[in-house]
Amino acid sequence: MEPYSFNQRVENLYKSYFANNKNVHIELDANQIDINLVEDNNFDLIDIYQLYEVARYCDELVPDGKGGTEPRFTLNTYIKDKQDAIKLIKDLVTVFRGILLWHDGTVSFNLYQEKSPIFTFTKGNVVDGTFNYQYPSRRVRANQIRVTWNNPDNHYKGEVELVEDSENIAKTGRIVEKETVAYGCTSQGQAQRLGKYHLLTETRDSEVVVFASGIGSQILRPGDIVEVQDSDSVSYTHLTLPT
C-alpha cells in the first residue's frame, strides 16, 4: 500500500494508488475531468482544501459495533466500466453523505454532519417577514431501514443490514420500510451507521420552512446549517439547506 497525501496534487494519473479513503479517488476523478474538459489542465478548479477537511472527517475513528474502532467512512469498490464522470463522483460522495457543488469557480463539496449554524434568518431579513411551515405526514416516515452492503466474510456478496425503530413499530403497529444501498461498503458497522442516519432523518426531520431572502444569504451553500428565529414560533429552528 502506498501512502497518500492531501498536501500535494496528483500529477501522474497513470500511477497506481491504493487507498480506501474515497476522497483520494474523488481527486483523481476530478482531475481527470479537468483533463477532458479543460484544455490547459487547470487543476485549480478543484477545491483540494475542502477535500482535505472532508477526508479528515472520514478518517476519524468511531465505534465499529464489535468493541473496536474503525474510520467513519471507507470505500472498497472496483470500477471497471466506463461511466459518466459526474455521475461517478456523485455516487462516490454518497459514501460520506456528501454534496457535489460548483462554488466560487471551483468543484467543491459539503456534507451532512453535526455542525453549528452559520447564518440566522429572522423576519427582518426575509421577504415580507414570512416563514411558511410544512409538516410531512407521519404515516410516510420509515421506521425500518434495509441497508445493502458487501460482506467480505461471504465473498463480498450483498447482504442486508436491518435497522429499525422498535418502539415506533410497537406503538403504531405497522412497519414502514425504506431500502438503501451503501455504495462500496464492506463494513457492517458502517452499514449500521448509515441505517441509523436514515432512521434519525426520518424521525427528526419533521418540519420544512419555506421563505425567500435577499443577496445577503448568497454566502450559503447547500448542506449548510442555518438558524430561523421566528417571533411567531414557540422555538428556534435549525435547518439544513436543501440541495
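The shown structure was predicted, so the numbers you read here are calculated from the model rather than taken from an experiment.

1. Regarding the pattern of salt bridges
Here's step 1: Considering all chains together, one arrives at six salt bridges under this definition.
Here's step 2: For D91, the salt bridge is made with K87, and the minimal N-O distance between the two is 3.1 Å. Here K87 and D91 lie together in helix α3 (residues 85-93), a separation of four residues that amounts to about one turn.
Here's step 3: Salt bridges here are not isolated pairs; linked through shared partners, they connect K123, D230 and D232.

2. Section: the nonpolar core
Here's step 1: Counting residues in hydrophobic clusters, the biggest one holds 14 residues, and the most contacted among them are V54, C58, F73, V93, F96, F109 and L111.
Here's step 2: When residues of this core are traced back to their parent elements, those giving at least two are α2 (48-59), α3 and β4 (106-111).
Here's step 3: For L111, the contacting residues outside a window of four places in its chain are V54, Y57, F96, R97, G98 and G223.
Here's step 4: Judged by nonpolar contacts, the second largest core, of 11 residues, contains I145, V147, V163 and L194.

3. Structural notes on α3
Here's step 1: The complete set of buried residues in α3 reads L88, I89, L92 and V93. The buried residues of α3 occupy an angular sector of 135° when the element is viewed end-on, so they sit on one face.
Here's step 2: Two or three places before I86, at the start of α3, stands the capping residue D84, its side-chain oxygen 3.3 Å from that residue's backbone nitrogen.

4. Remarks on the sheet that holds strand β7 (residues 144-151)
Here's step 1: With mixed pairing, the three strands of this open sheet are ordered in space as β8-β7-β9. Each edge of the sheet is formed by a strand with only one pairing partner; in this case those strands are β8 (157-164) and β9 (177-181). Across the sheet, the axes of successive neighbouring strands diverge by a mean angle of 25°, strand direction being ignored.
Here's step 2: Where β7 and β8 come together, eight bridges link them in antiparallel fashion. Across the sheet, the residue bridging to I145 is V163, located in β8.

5. What about the confidence of the model for the chain?
Here's step 1: Across the chain, pLDDT averages 81, with 78% of residues at or above 70.
Here's step 2: Here residues 30-40 is modelled with pLDDT under 50, and outside its nearest four sequence neighbours on either side it reaches 19 contacts, counting other chains as well.

6. Concerning unusual backbone geometry
Here's step 1: One non-glycine residue with positive phi stands out, namely H155, at about 60°.
Here's step 2: Within the element layout of this structure, H155 appears in the loop between β7 and β8.
Here's step 3: Positioned with a positive phi, Y156 is a non-glycine residue whose angle comes to about 60°.
Here's step 4: For Y156, the location among the structural elements is in the loop between β7 and β8.
Here's step 5: Overall, Y156 belongs to the exposed group, its relative accessible area being 52%.

7. Considerations on the environment of L100
Here's step 1: With respect to the helices and strands, L100 occurs in strand β3 (residues 98-103).
Here's step 2: Look at L100 and you get partly exposed, because its relative accessible area is 23%.
Here's step 3: Sequence-distant contacts of L100, that is, excluding residues within four places in its chain, are made with I86, I89, K90, V93, V107, S108 and F109.

8. So, the packing of aromatic side chains
Here's step 1: Summed over the entire model, instances satisfying the criterion amount to four aromatic pairs.
Here's step 2: Relative to F211, the ring of F131 lies with its centre 5.3 Å away and its plane at 75°, an arrangement referred to as edge-to-face. Of this pair, F131 sits in the loop between β5 (120-122) and β6 (132-134) while F211 sits in the loop between β10 (208-210) and β11 (225-229), and the two are 80 residues apart along the sequence.
Here's step 3: Given a relative accessible area of 8%, F131 falls into the buried group.
Here's step 4: Clustering of aromatic rings is evident, with ring pairs tying together F119, F121, F131 and F211.
Here's step 5: A cation over an aromatic ring shows up here: R72 above the ring of Y57, its NZ or CZ 4.0 Å from the ring centre.
Here's step 6: Directly above the aromatic system of Y197 lies the positively charged group of R97, at a separation of 4.5 Å from the ring centroid.

Scoring rules and cut-offs
- Residues numbered from 1 in each chain as written.
- Predicted model: local features only at pLDDT ≥ 70, side-chain atom pairs only at ≥ 80, totals over all residues.
- Heavy atoms only, no water.
- Salt bridge = Lys/Arg side-chain N within 4 Å of Asp/Glu carboxyl O.
- Helix = DSSP H or I, 4+ residues; strand = E, 2+ residues; numbered from the N terminus.
- Core = buried A, V, L, I, M, F, W, Y, C linked by side-chain atoms within 4.5 Å.
- Buried < 20%, exposed > 50% of the residue type's maximum accessible area, 1.4 Å probe, protein only.
- Contact = heavy atoms within 4.5 Å.
- Arc of directions from axis to C-beta.
- Polar contact = N/O pair within 3.5 Å; in protein donor to acceptor, adjacent residues only side chain to side chain.
- Pairing = 2+ DSSP bridges.
- Axes fitted to C-alpha atoms, helices over the stretch in contact; angles between N-to-C directions.
- pLDDT = per-residue confidence, 0-100.
- Phe/Tyr/Trp six-rings, centres within 6.5 Å; stacked < 30°, edge-to-face > 60°.
- Lys NZ or Arg CZ within 6 Å of the ring centre and 35° of its normal.

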